[in-house]
Amino acid sequence: MLGKSVISLDDLSIPQITDLLHKAQYIDAHRREVAHACDGRVLATLFYEPSTRTRLSFETAMLRLGGKVIGFAGAQLASVTKGESIADTLKTVSNYVDVVAIRHPKEGAALVASRAASVPVINAGDGGHMHPTQTLADLATLQSRFGRVTDLTVGLCGDLMFGRTVHSLIETLCRFGNVRFVLISPDELKTPQYVLDRIDATPSCSYVEVKDLVSVIGDLDVLYMTRVQKERFFNEDDYLRLRDTYILDEDKLALAKEHMAVLHPLPRVNEIAVEVDDDPRAAYFEQVKNGMLMRMALESTVMGDELPGYEPFENKEVQA
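Right, let's walk through the structure included here. (Residues numbered from 1 in each chain as written. Predicted model: local features only at pLDDT ≥ 70, side-chain atom pairs only at ≥ 80, totals over all residues. Heavy atoms only, no water.)

A tally of helices and strands in the protein chain yields ten helices and nine strands. Its C-alpha radius of gyration of 20 Å places the protein chain within 12% of the 20 Å reference for a compact globule of 320 residues. Along the first, second and third principal axes, the C-alpha atoms of the protein chain reach 55 × 45 × 40 Å. Of the roughly 14,100 Å² of accessible surface on the protein chain, a fraction of 48% belongs to carbon and sulfur atoms. Charge separation in the protein chain, taken as the distance between the mean sites of 34 positive and 46 negative side-chain charges, equals 4 Å. (Helix = DSSP H or I, 4+ residues; strand = E, 2+ residues; numbered from the N terminus. Rg over C-alpha atoms; globule rule 2.2 N^0.38 Å. Areas by Shrake-Rupley, 256 points an atom, 1.4 Å probe, with all protein chains shown as cover. Lys, Arg positive; Asp, Glu negative; His and termini not counted. Charge placed at Lys NZ, Arg CZ, Asp CG, Glu CD.)

Structure below.
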């Protein structure tokens, strides 16, 4: 992976993703040992649209590895306001840094950036298209909670039509195989056909579509919540009728397995009651930590910086 850009998780093999998962766990257990793994390195965070968690996560990842960070947050702070192209910005910034993380509102912008840059580019989200490091955070949370990312019943709830994190997670879990999906949404926000086709194309995976969370929550190992957005509905009556069906509270959680994990890509609005935060099954803030650890693993890997004491998992058997 030395020098490799990561625009989507299709850029990585399953053994490479598995190695990153184990590397993140190693980093978490050996914070002091890896604190200087990237001494002298510089990360550029080029964020053409606002972000809190993702930008801070990328920056903290580099700082915890001993490197430094430059960049901007908001297109108004960049030379794009003077008419500079993404390609020219990347050709320029490549002279300053060792790796770039870019977020942009236009789909395909990260790919353009990677082709122009002479250093690795990591996609931190391009429009409604790809957000690969969020999916890595999701996978790391499953790995942390269950010791595996396969042989699980995964419920995805809420906006399954427009949620890029949902589509990316489903497609990546299908690459690992042996996952049962329970797709919980109103008719207005059902999973797109191309995502269902991806599940159908994986012999070891299956899915069911349901409208009622309560009826299936007891079957789930994982519940991945998303926000039901009012603007996605054709009329307000439908929204008001359906929104409370997809709010997770203590009463619904009482019907779930003792060790079910609740995930959410954040930000949360009202789809998970605050009272759930204190339940040990709530894993969404753990996801934030795992996102930082996965970015530490990814940044150090694409730059070719070894972590003291870490032994790669790439040659070990991976379930496919």
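From this point, the discussion proceeds with the structure in view.
Turning our attention to the packing of helix 3 (residues 86-93) against helix 4 (residues 109-116). As a packed pair, helix 3 and helix 4 sit with axes 8 Å apart at the nearest point and diverge in direction by 45°. Taken together, the axes of helix 3 and helix 4 lie oblique to each other. Judged by the twist between their axes, the crossing of helix 3 over helix 4 is right-handed. Contacts between helix 3 and helix 4 involve Ile 86, Ala 87, Leu 90 and Lys 91 on the former and, on the latter, Ala 109, Ala 113 and Ala 116. Residues belonging to the contact of helix 3 with helix 4 are distributed by class as follows: six nonpolar, no polar and one charged. (Axes fitted to C-alpha atoms, helices over the stretch in contact; angles between N-to-C directions. Parallel < 35°, antiparallel > 145°, perpendicular 65-115°, else oblique. Left-handed = near helix turned anticlockwise from the far one by under 90°. Contact = heavy atoms within 4.5 Å. Nonpolar A, V, L, I, M, F, W, Y, C, P; charged D, E, K, R; others polar.)

Across the sheet, which stays open at both edges, the five strands sit in the order 7-6-5-8-9 with parallel pairing between neighbours. The open sheet has two free edges, formed respectively by strand 7 (206-210) and strand 9 (261-263), since each of these has just one partner strand. Recorded for the sheet is a direction-independent mean angle of 20° between the axes of neighbouring strands. Sheet analysis places strand 8 (residues 222-225) next to strand 9, joined by three bridges and oriented parallel. Considered in strand 9, the bridge of Tyr 224 is made with Leu 263. Packed on one face of the sheet, helix 5 (residues 132-146) meets strand 5 (152-157), strand 8 and strand 9 and runs near 170° to strand 9. (Pairing = 2+ DSSP bridges.)

Before going further, it helps to examine the pairing of strand 3 (residues 99-104). Counted residue by residue, strand 3 has six buried out of six residues, so it is predominantly covered. The side-chain alternation of strand 3 yields two buried faces, one formed by Val 99, Ala 101 and Arg 103 and the other by Val 100, Ile 102 and His 104. Sheet topology note: the strand 1 (residues 42-47)/strand 3 ladder contains five bridges and is parallel. By the bridge assignment, Ala 44 is partnered in strand 3 with Val 100. Here strand 3 pairs with strand 4 (residues 121-126) via four bridges, running parallel. Considered in strand 4, the bridge of Ile 102 is made with Asn 123. (Buried < 20%, exposed > 50% of the residue type's maximum accessible area, 1.4 Å probe, protein only.)

Let us look at the nonpolar core. Counting residues in hydrophobic clusters, the biggest one holds 61 residues, and the most contacted among them are Leu 156, Ile 170, Leu 173 and Phe 181. Considering every element that reaches this core, the biggest residue donor is helix 10 (residues 284-303), with eight residues. Apart from residues lying up to four places away in sequence, Leu 156 is in contact with Val 166, Leu 169, Ile 170, Phe 181, Val 182, Leu 183, Ile 184 and Tyr 224. Grouped together as the second largest cluster of nonpolar side chains are 24 residues, Tyr 239, Met 260, Ile 272 and Tyr 284 included. (Core = buried A, V, L, I, M, F, W, Y, C linked by side-chain atoms within 4.5 Å.)

Attention now goes to the packing of helix 6 (residues 164-176) against helix 7 (residues 193-200). Two elements in contact, helix 6 and helix 7, have axes whose closest approach is 9 Å; the angle formed by their N-to-C orientations is 15°. By the criterion of interaxial angle, the relationship of helix 6 to helix 7 is roughly parallel. The chirality of how helix 6 crosses helix 7 is left-handed. Along the contact surface, helix 6 presents His 167, Ile 170, Glu 171, Cys 174 and Arg 175, while helix 7 presents Tyr 194, Val 195, Arg 198 and Ile 199.

Strands belonging to one sheet form pairs held by backbone hydrogen bonds; the direction of such a pair is parallel or antiparallel. Spatial ordering of the open sheet is given by 2-1-3-4, a layout of four strands whose pairing is parallel. A strand with exactly one partner marks an edge of an open sheet, and here the two such strands are strand 2 (68-73) and strand 4. Neighbour to neighbour, the strand axes of the sheet diverge by 10° on average, direction disregarded. Here helix 2 (residues 53-64) sits on the sheet in contact with strand 1, strand 2, strand 3 and strand 4, set at roughly 175° to strand 1.

Next up on the list: the packing of aromatic side chains. On inspection of all chains with the given rule, the structure shows three aromatic pairs. Ring centres of Tyr 48 and Phe 72 lie 5.2 Å apart, and the angle between their planes is 85°; this geometry places the pair in the edge-to-face category. Of this pair, Tyr 48 sits in the loop between strand 1 and helix 2 while Phe 72 sits in strand 2, and the two are 24 residues apart along the sequence. Judged by relative accessible area, Phe 72 falls into the buried class, the value being 14%. Above the plane of the ring of Phe 58 lies Arg 295, whose end atom (NZ or CZ) is 4.9 Å from the centre. (Phe/Tyr/Trp six-rings, centres within 6.5 Å; stacked < 30°, edge-to-face > 60°. Lys NZ or Arg CZ within 6 Å of the ring centre and 35° of its normal.)

The values are spatial; any link to function lies outside them.
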